[in-house]
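Okay, here's what each chain looks like letter by letter:
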Amino acid sequence: MNDTRRAVLDALADGPVTGPALADELGVSRNAVWKHVEALRGAGFEVSSDDTGYALESVPEFGGPAVEFGLDAPFEVEYHESVGSTNDRARQVAATGAADVAVVADEQTGSRGRLDREWSAPSGGVWTSLVLRPDLPPAHVPVLTLAAAVATTDAAREAGVPAEIKWPNDVLVEGEDKSATARGGHKLAGILTEMEGEADRVSWVVVGIGVNANLDAEDLPEGATSLRDENGDVDRRRFVQRLLERFDELRDDPEEILDAWRDRSATLGQRVRVETADGEVVGEAVDVALPGALLVETEDGRVRVHAGDCEHLRPE
Ligand code: BT5
């Protein structure tokens, strides 16, 4: 949304305000005010008009302008009803030089998990990718994945769902059933971080976040859960806003990210098996360290794991 349209919307929200008064206030023509009001109506905002002026009556349920309206974080929102992958779209946006854009979609038809695994993203979820240009060396980028996991967990908790984080990038809900497939909980959300840069400086980072929101878990891969299944449908507009706001609060403070991550972790204190590129690491997960490594106490001493798939094991 451009700045004038945003200013018109804010004024309507505080309305009623007449067209001429608004034109004066914003230093634009009355015709321009009228065009902005019509565009907002076209985007689903209900705007009444009578002799006292224009007033905002309701905000659309979801969509770019709806998420931007009332958002307390500096993100522009680009919304798609359907897109291949929000990460792919975000990479295109990043290539134009943009920063702090959240690409949001109702549905993705070709979304990806890590290592090119398939990610299922039907209509009704929260599928978003953040375009960022942090002032960080590439080696520090994984901390942004942890920040996204904390932000997602907090948004889910505010929606009444007791989410926790499994290292490195899964947000899950502990299942009542303790069967082998449910050990370590049911997956509510996943995060895929991608970047481009040189040895000492990041050019851009895309943090892709997929949350099973208003979906039936039975329509998702085995082991998945959804906000709907856990506690009923959520207001996706509010959910995305809280996600972006919380991420924005955390992103510049690695120590705070780490502390918040530890507090919400389902992995610390567990016996784990981590499949890494160099083989398997088994032991107790004792801590997380910058930029996002898991510290595992094994029979042969403490091992620092930077990447891999982590499984929570039964206690010995
Ligand atoms: C992830 O990968 O968990 C990262 C997922 C990131 C998805 C977001 S959505 C917005 C953005 N755009 C994209 O294209 N991607 C990002 P990984 O840890 O590799 O887990 C993938 C595995 O999770 C799959 O192999 C399935 O077993 C399982 N899975 C697939 N879809 C799922 C879903 N909707 N909910 C839970 N589990 C799912």
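Basis of the calculations
- All residue numbers here refer to positions counted from 1 along the written sequence of the relevant chain.
- With pLDDT at 70 or above as the cut-off, local features in this predicted model cover only qualifying residues; side-chain atom pairs require 80 or more to be listed or tallied, and sums for whole chains, interfaces and linings still use all residues.
- By convention in this description, side-chain values take in all heavy atoms of the structure and omit both hydrogens and water.
- By convention here, the domain bounds are inherited from an automatic or database domain assignment.
- Here the quantity called buried area is the accessible surface, traced with a 1.4 Å probe, that two parts lose on coming together, added over both.
- Any carboxyl oxygen of Asp or Glu that lies within 4 Å of a side-chain nitrogen of Lys or Arg is treated as forming a salt bridge with it.
- In protein, a polar contact means a hydrogen-donor-capable atom and an acceptor-capable atom, both N or O and within 3.5 Å, with residues adjacent in sequence counting only if both atoms are side-chain atoms; elsewhere, any N or O pair within 3.5 Å suffices.
- Strands are runs of DSSP state E lasting at least 2 residues, helices are runs of H or I lasting at least 4, and numbering of each runs from the N terminus.
- Three classes are used: nonpolar for Ala, Val, Leu, Ile, Met, Phe, Trp, Tyr, Cys and Pro, charged for Asp, Glu, Lys and Arg, and polar for all others, with Gly counted as polar.
- In these notes, residues near a molecule or strand are those with any non-hydrogen atom within 4 Å of it.
- Throughout, nonpolar core names a set of buried Ala, Val, Leu, Ile, Met, Phe, Trp, Tyr and Cys residues whose side chains join them through atoms within 4.5 Å.
- For each residue, the accessible area found with a 1.4 Å probe, counting protein chains only, is set against the maximum for its type, and the residue is called buried under 20%, exposed over 50%, and partly exposed in between.

K.L.:
Describe the domain arrangement of the protein, naming the residues involved and giving the relevant values.
P.N.:
For the protein, the assigned domains are domain 1 (3–58), domain 2 (64–263) and domain 3 (271–312). Between domain 1 and domain 2, the C-alpha centre-to-centre distance is 33 Å. Across the domain 1 to domain 2 interface the summed buried area is about 400 Å²; carbon plus sulfur atoms make up 72%. Sorting the residues of domain 1 by area buried against domain 2 places Arg6, Leu9 and Phe45 first, and these three jointly supply 68% of that buried surface. Seen at the junction of domain 1 and domain 2, the total is one salt bridge. Where domain 1 meets domain 2, there are one residue pair in polar contact (both at pLDDT 80 or more). It is helix α1 (residues 3–13) that provides the largest number of residues to the side of domain 1 that touches domain 2, a total of four residues. Counted by class, the side of domain 1 that touches domain 2 contains five nonpolar, no polar and two charged residues.

K.L.:
Explain the site of the ligand to me, using residue names and the numbers behind them.
P.N.:
With respect to spatial proximity, 27 residues lie near the ligand, and among them Ser85, Arg112, Arg117, Lys187 and Asn212 are the closest. Here arginine 112 contributes a backbone N or O atom positioned 2.8 Å from a nitrogen atom of the ligand. When contributions to the shell around the ligand are tallied by element, the ones reaching two or more residues are α5 (86–95), β5 (126–132), β8 (186–197) and β9 (202–211). Sorting elements by how many residues they give to the shell around the ligand places β8 first, with four residues.

K.L.:
An account of the nonpolar core is requested, with residue identities and associated values reported.
P.N.:
Of all hydrophobic cores here, the largest spans 59 residues; its most connected members are Leu188, Leu227 and Phe247. If one sorts the elements of this core by residue count, helix α6 (residues 142–158) sits on top with ten residues. Shared between two domains, this core holds at least three residues of each, these being domain 2 (64–263) and domain 3 (271–312). Ala11, Val33, Leu40 and Val47 belong to the second-largest nonpolar core, a separate cluster that totals 15 residues.

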